[in-house]
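Report on the structure
If you want the building blocks of each chain, they are given just below.
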Amino acid sequence: MLSTLDSFPARADAHPMQPRLYRAHKRHRETPDTFTLELEAAQDDAPFTFAPGQFNMLYVFGVGEVPISICGDPKRSNLLLHTTRDVGMVTHALSRIKRGDVIGVRGPFGTGWDVERAVTRDVLIVAGGIGLAPLRPVLYSILAQRERFGHVSLLYGARMPEELLYMPELQKWRARLDLDVAVTVDRGTRHWRGDVGVVTTLIPKAACDPARTTAFVCGPEVMMRFTIFELQKRGVSDENIVLSMERNMKCGIGLCGHCQWGPHFICRQGPVFRYNEIRDWFALKEI
Amino acid sequence: MDKPSNFVVERAAFPQLFAALDTRGYTIVGPTVRDGAIVYDALRGVDDLPIGWTDAQDGGVYRLARRADAALFGYNTSPHAWKKFLYPPAVRLTHARRENGAWRVMENDDAPPRYAFLGVRACDLAAIEIQDKVFLQGAYQDSIYAARREPAFILAVNCAQAGGTCFCASMGTGPRATQGFDLALTEILEAEQHYFLVQVGTERGAEVLNELAHRQATDEEMARAEKILLETAQHMGRTLDTRDLKALLYQNYEHPHWNAVAARCLACANCTLVCPTCFCSTMEDVTDLSGENAERWRKWDSCFTMDFSYIHGGSVRQTHRARYRQWLTHKLATWIDQFGTSGCVGCGRCITWCPVAIDLTAEVRALRDTETIKGA
Ligand SMILES: Cc1cc2nc3c(=O)[nH]c(=O)nc-3n(C[C@H](O)[C@H](O)[C@H](O)COP(=O)(O)OP(=O)(O)OC[C@H]3O[C@@H](n4cnc5c(N)ncnc54)[C@H](O)[C@@H]3O)c2cc1C
Ligand code: SF4
Ligand code: SF4
Ligand code: FES
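Residues numbered from 1 in each chain as written. Chains lettered and ligands numbered in written order. Predicted model: local features only at pLDDT ≥ 70, side-chain atom pairs only at ≥ 80, totals over all residues. Heavy atoms only, no water.

Here we come to the domain arrangement of chain A. Residues and elements named next belong to chain A. What the domain assignment reports for chain A is domain 1 (20–109) and domain 2 (116–282). For domain 1 and domain 2, the distance between their C-alpha centres works out to 22 Å. Summed over both sides, the interface between domain 1 and domain 2 buries roughly 1700 Å², with carbon and sulfur atoms accounting for 64% of that surface. Our count for the contact surface shared by domain 1 and domain 2 stands at four residue pairs in polar contact (both at pLDDT 80 or more). (Domains from an automatic or database assignment. Buried area = accessible area lost by both parts, 1.4 Å probe. Polar contact = N/O pair within 3.5 Å; in protein donor to acceptor, adjacent residues only side chain to side chain.)

As a further point, take helix H11 (residues 320–339) of chain B. Residue and element names in this part refer to chain B. Along H11, the largest kink reaches about 60° and is centred on His 330. With 18 of 20 residues buried, H11 lies mostly within the body of the structure. Of the residues one or two after H11, Gly 340 is the one with positive phi, at around 70°. (Bend = angle between axes of the 7 residues up to and from the residue. Helix = DSSP H or I, 4+ residues; strand = E, 2+ residues; numbered from the N terminus. Buried < 20%, exposed > 50% of the residue type's maximum accessible area, 1.4 Å probe, protein only.)

Turning to the packing of aromatic side chains, a few remarks are in order. The final tally for this structure, using the stated rule, is 37 aromatic pairs over all chains. Judged by centre distance (6.0 Å) and plane angle (70°), the rings of Phe265(A) and Phe339(B) are edge-to-face. Here Phe265(A), found in strand E14 (residues 264–265), pairs with Phe339(B), found in helix H11, and the two come from separate chains. For Phe339(B), a relative accessible area of 6% puts it in the buried group. Centroid distance Phe304(B) to Trp327(B): 6.1 Å. Interplanar angle 50°. Geometry classified as tilted. Here the residue Phe304(B) occupies a position in the loop between strand E14 (293–300) and strand E15 (310–311), and Trp327(B) occupies one in helix H11, the gap between them amounting to 23 residues. An identical accessibility class is assigned to Phe304(B) and Trp327(B); each is buried. Pairwise contacts between aromatic rings join Phe265(A), Tyr87(B), Phe135(B), Tyr145(B), Phe279(B), Trp300(B), Trp335(B) and Phe339(B) into one cluster. Note that Lys83(B) overlies the ring of Trp300(B), its terminal NZ or CZ placed 4.6 Å from the centroid. (Phe/Tyr/Trp six-rings, centres within 6.5 Å; stacked < 30°, edge-to-face > 60°. Lys NZ or Arg CZ within 6 Å of the ring centre and 35° of its normal.)

All names here are of chain A. Read from one edge to the other, the open sheet built from six strands follows the order E4-E3-E6-E1-E2-E5, with strand pairing classed as antiparallel. In the strand order of this sheet, the two ends are held by strand E4 (64–69) and strand E5 (80–85), each with one partner. Geometrically, the sheet is characterised by an average inter-axis angle of 40° between neighbouring strands, direction not taken into account. As paired strands, strand E3 (residues 55–60) and strand E6 (residues 102–109) are joined by four bridges and run antiparallel to one another. Its bridge partner lying in E6, Phe 55 is registered against Phe 109. (Pairing = 2+ DSSP bridges. Axes fitted to C-alpha atoms, helices over the stretch in contact; angles between N-to-C directions.)

Every one of the 23 residues lining ligand 1 counts as a neighbour, but Pro67(A), Thr83(A), Arg85(A), Thr91(A) and His312(B) are closest to it. The residues that come close to ligand 1 belong to more than one chain, namely chains A and B. Here a nitrogen atom of ligand 1 and a side-chain polar atom of Ser69(A) are 3.0 Å apart. A distance of 2.9 Å is found between an oxygen atom of ligand 1 and a backbone nitrogen or oxygen belonging to Val90(A). Taken by itself ligand 1 offers 820 Å² of open surface, and the protein chains cover 89% of this. Secondary-structure elements contributing two or more residues to the shell around ligand 1 are E4, E5 and helix H1 (89–95) of chain A together with E15 of chain B. With four residues, the single largest contributor to the shell around ligand 1 is E4(A). The class makeup of the residues in the shell around ligand 1 is 12 nonpolar, seven polar and four charged. (Near = heavy atom within 4 Å. Areas by Shrake-Rupley, 256 points an atom, 1.4 Å probe, with all protein chains shown as cover. Nonpolar A, V, L, I, M, F, W, Y, C, P; charged D, E, K, R; others polar.)

A few words on empty space enclosed by the protein. Residues and elements named next belong to chain B. Summed over all chains, the structure comprises eight cavities of 30 Å³ or more. Roughly 150 Å³ of internal volume is contained in the largest cavity. If you trace the largest cavity, you find 17 residues lining it, with Cys 265, Cys 271, Tyr 324, Cys 354 and Ile 358 closest to the centre. At the level of secondary structure, the elements contributing two or more residues to the lining of the largest cavity comprise helix H10 (270–274) and H11. Split into classes, the residues belonging to the lining of the largest cavity amount to 15 nonpolar, one polar and one charged. (1 Å grid on protein atoms, 1.4 Å probe; cavity = no way out; pocket = protein on both sides within 12 Å on 5 of 7 lines; lining within 4 Å. Points joined across faces, edges and corners; volume = space filled by probe spheres on them.)

Below, the structure is given as structure tokens:
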């Protein structure tokens, strides 16, 4: 059964379409076409609280507004972090933001990964490409309370070594004894000494007890399709496969209609869904 | 109001309505003849109404025609829906100005008129109620809609005849207005008589009625109105079998009939523009030449455009098949899961205004018929 809109938490936000101003504190390059913006409130200094998996609508004045996941540490509410790939008009304008420039922010919107539901369980974080960005807050949350979870693994794949995000952090995580980190690339280069192959090839090898595993998955739709298949093969239940969907979004708050996917508004009931809730829709094309 | 009170206002007293609404500060909008159609626009007085006009509607066909009488509301639906007032086709959401190099978001000076809607049909009342659910009853409210909707005065007019593409009776929305109005009229023309049976819906409606010469309706007059509405309900131009409609559509995403519709559909988006419940919008950004002013405009959008579902790499709904399927399935099925009601009120506009006369009632019938064959 699907919940009707009335059952979603009402927000006091009287002007959800009005952006709040944020100033770029820093922009740094992650990969040749991907960069991270660190933003701080320019209008007021109300702390920004969000749940891992939620997104903001980032507005470049006069250019446009796009949904971008929040990828920072939920505990550090003074800085807002967004990792973005330059693929088009608005993301390109974002890539040219300089320290001190001001942009508009609306959010946070959408559902989160619900890390709390994975407490005591084994966790598989499966990310493809830029899909690591919305999953990074999951890692921060888990690592901040590591003892409450079972075995935790990060399986991360990108097309090429230079497309891997957050390299310094990946190295640090890799050194931890309480976290498995496996990284693979579709195509290696001369200097690449890690795994080669798509990220789904890491799933059969991941240490976890499928019956008590929660998998958080984000990446291109095809990658998620094969990931689900591999996870099911290992015996992870559909209810415990959690993924983040992407559709065109113009409002982020259930009013513009663009993000509809069958009965779902991805901006509201999603972007994060449990696979059992969306199985039927996931199987259809051009929905 | 425990029991519905019915009154009679004579045709001769009808002009007093305009004065009553005018003194209350309303901007009066209602039906008027323009460019070969009966559209909704500002009205100055009773003479602006489509007196003695009617419309003939069918799949892809709309024609104005003369009536034999001088009815004020002797037509069916207008190509416009009231949504153009409550949910404007283009509206500025944000205005930011760069001052000394720093962007400042300006206060939105949205001061909409207080509308009085004259001649709202039962189907359109139901459509407004549906848009209320979309814009006002979710977790986030649309303040632009709210500012126009809340003060609006609604004078409903029951349909004394059914149009060629109407099927409100199938959708349970008409032809009688049952709620959501301040006043509801039934226009009665008989022999030498021309009067309105009036039902009061709100205190505010009663106050307006009090400024018009009126009297209690007789049982006979009430029975006459009943008979008219019964007849209207029996003469719908179209019908739609709504039994298990949601399940029918959910189970037929891959039905071959979608290809047949797609072969005809031009993806022109007319159906979504005329539909009184369609609510999709897009954003447009504009800057002035100096680059010191940036505005965001919200505009009506349609799921029939290629851009609508665009994400990096290509649109999700590439084919006309997918787009028509999305529209119809949204109207009649997914809407129910989203808002607890059908998204179609049976006004027939999408049938009348489709350039190739695609008729959703016929498409559903085709899906259903072949379904039955399949199941047999
Ligand atoms: C919930 C959610 C979270 C996202 N998080 C991130 C993130 O953390 N990092 C990141 O780099 N990207 C993210 N994206 C994708 C990002 O929104 C698009 O890359 C971006 O909208 C492209 O806009 P553009 O103007 O640069 O591209 P253009 O190709 O010029 O796009 C034109 C318009 O189409 C729409 N559009 C295009 N692609 C997408 C898309 N993939 N999703 C939604 N709308 C789109 C936008 O309205 C855009 O303005 C996310 C998308 C969603 C839905
Ligand atoms: S779908 Fe067609 S008949 Fe139904 S409300 Fe919309 S325009 Fe009217
Ligand atoms: S169904 Fe008719 S009105 Fe609607 S998009 Fe297709 S051709 Fe246009
Ligand atoms: S993004 Fe507008 S409804 Fe979801």
